[in-house]
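If you want the building blocks of each chain, they are given just below.
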Amino acid sequence: MELADGIADNLDHIVAQRVRELRAAKGLTLDQLAALSGVSRAMISRIERAEASATAVLLVKLGAALGVTLGALFEKPEPKANPVRRAASTAVRTDPETGYTRRNVAPPNASGTDIVEVMLPAGKRVAYDNIVVIPVEQFVWVFEGVLTLSYDGLTTDLGPGDCRVMRLDTPLVFENRSDAPTRYCVVLVPHSGVLGQRR
C-alpha cells in the first residue's frame, strides 16, 4: 500500500493551533516553553503563527515539553470521532529536512494511542535527542526495506516483518542506510504511571 497523497489540509496551521492550545492549557509562556523544550522562543513563535514548517525533531521536542506525542500535534483527539479513517482523506506530512513522510493511521481517539505510517527515503537519518519522558511505549514495525535504530547505546537493523519496542526516554535515531526507501509503522501506546523495564 502506498502512502496517500497530501490533501488540502494545511498541517502547518493545524500544528500552529495545537501548540497554542496545549501551551495555553498548561499556562506556559513562550519563554517557559522554550526553556522546557530546548526550541528557541523565536521558532516557537513562528510555528504558532504557521510561518514555519518545523522539522519532526523540533516538533517532538515541543510535544515532549507539552506532554504529548508528535501525532497529537497534527490533530485533536475526538472522543466521538468517526471510527474509520480513510487513507485517501488523510493528510500526509513531509518533513522539510529529510523528506520523510508520515501519516496518522488510527482515527482520532481519546485513548491516546497513535498509529503512524512512515516512509524514510534512502540514505536519510532522523535523530531525536530529547530525553523528556513521555509515558508511552513505542513499537516500530517494518514493512519494506531496512531500518536502523540506535537506542540506549544499541544499534538494531530491522527488516520486513521485524518489530522493536522502546520507551521515549533516551535519544533515538532512525536511519535508512540502504539505497531504497524504508516503509514502517510506529505505534505509540500510552501508559498511566511508571513504565516497565527498558527493553
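See the structure printed just above.
Owing to the predicted nature of the structure, the values given are computational and were not obtained by experimental measurement.

Colleague: How should empty space enclosed by the protein be read in this particular structure?
Modeller: A water-sized probe rolled over the atoms picks out the places where empty space is left. Overall, the coordinates contain two cavities of 30 Å³ or more when judged by the stated rule. Considered as a void within the structure, the largest cavity measures approximately 370 Å³ in volume. Counting residues per element, the ones that place at least two in the lining of the largest cavity are helix 4 (56-66), strand 3 (114-120), strand 4 (125-128), strand 5 (134-144), strand 8 (163-168), strand 9 (172-175) and strand 10 (182-190). Of the residues in the lining of the largest cavity, the class split is 19 nonpolar, four polar and three charged. Size it by volume and the second largest cavity reaches roughly 40 Å³. Lining the second largest cavity are Ala56, Leu59, Leu70, Phe74, Arg93, Thr94, Asp95, Tyr100 and Arg102. Within the residue set of the lining of the second largest cavity, elements represented by two or more residues are helix 4 and strand 1 (93-94). Residue composition of the lining of the second largest cavity, by class: five nonpolar, one polar and three charged.

Colleague: Please explain the sheet that holds strand 1 as it appears in this structure.
Modeller: Strands in a sheet are paired, the pairing made by backbone hydrogen bonds, and the direction either parallel or antiparallel. A sheet is described by the order of its strands in space; here six strands give the open sequence 1-2-3-10-5-8, paired in antiparallel fashion. Whereas interior strands pair on both sides, the edge strands pair on one side only; in this sheet they are strand 1 and strand 8. Both strand 3 and strand 10 contribute to a ladder of seven bridges, which runs antiparallel. Each residue of the ladder has a partner; that of Asp114, found in strand 10, is Leu188.

Colleague: Quick question: what am I supposed to make of helix 4 here?
Modeller: Because an α-helix packs 3.6 residues into every turn, residues spaced three or four apart end up facing the same way. With respect to burial, helix 4 is a largely interior element, ten of its eleven residues being buried. As for helix 4, its buried residues are in contact with helix 1 (11-25), helix 2 (30-37), helix 3 (41-48), strand 1, strand 4 and strand 5. Looking one or two residues past helix 4, Gly67 carries a phi angle of roughly 80 degrees, positive in sign.

Colleague: Looking at this model, I keep getting lost on the packing of aromatic side chains. Mind explaining?
Modeller: The geometry of two aromatic rings is summed up by the distance between their centres and the angle between their planes. Counted under the stated rule, the structure contains three aromatic pairs. Judged by centre distance (5.0 Å) and plane angle (75 degrees), the rings of Trp141 and Phe143 are edge-to-face. Overall, the relative accessible area of 43% leaves Trp141 in the partly exposed class. Here a set of aromatic residues connected by ring pairs shows up, and it is made of Tyr128, Phe174 and Tyr184.

Quick notes on the rules
Residues numbered from 1 in each chain as written. Predicted model: local features only at pLDDT ≥ 70, side-chain atom pairs only at ≥ 80, totals over all residues. Heavy atoms only, no water. 1 Å grid on protein atoms, 1.4 Å probe; cavity = no way out; pocket = protein on both sides within 12 Å on 5 of 7 lines; lining within 4 Å. Points joined across faces, edges and corners; volume = space filled by probe spheres on them. Helix = DSSP H or I, 4+ residues; strand = E, 2+ residues; numbered from the N terminus. Nonpolar A, V, L, I, M, F, W, Y, C, P; charged D, E, K, R; others polar. Pairing = 2+ DSSP bridges. Buried < 20%, exposed > 50% of the residue type's maximum accessible area, 1.4 Å probe, protein only. Contact = heavy atoms within 4.5 Å. Phe/Tyr/Trp six-rings, centres within 6.5 Å; stacked < 30°, edge-to-face > 60°.

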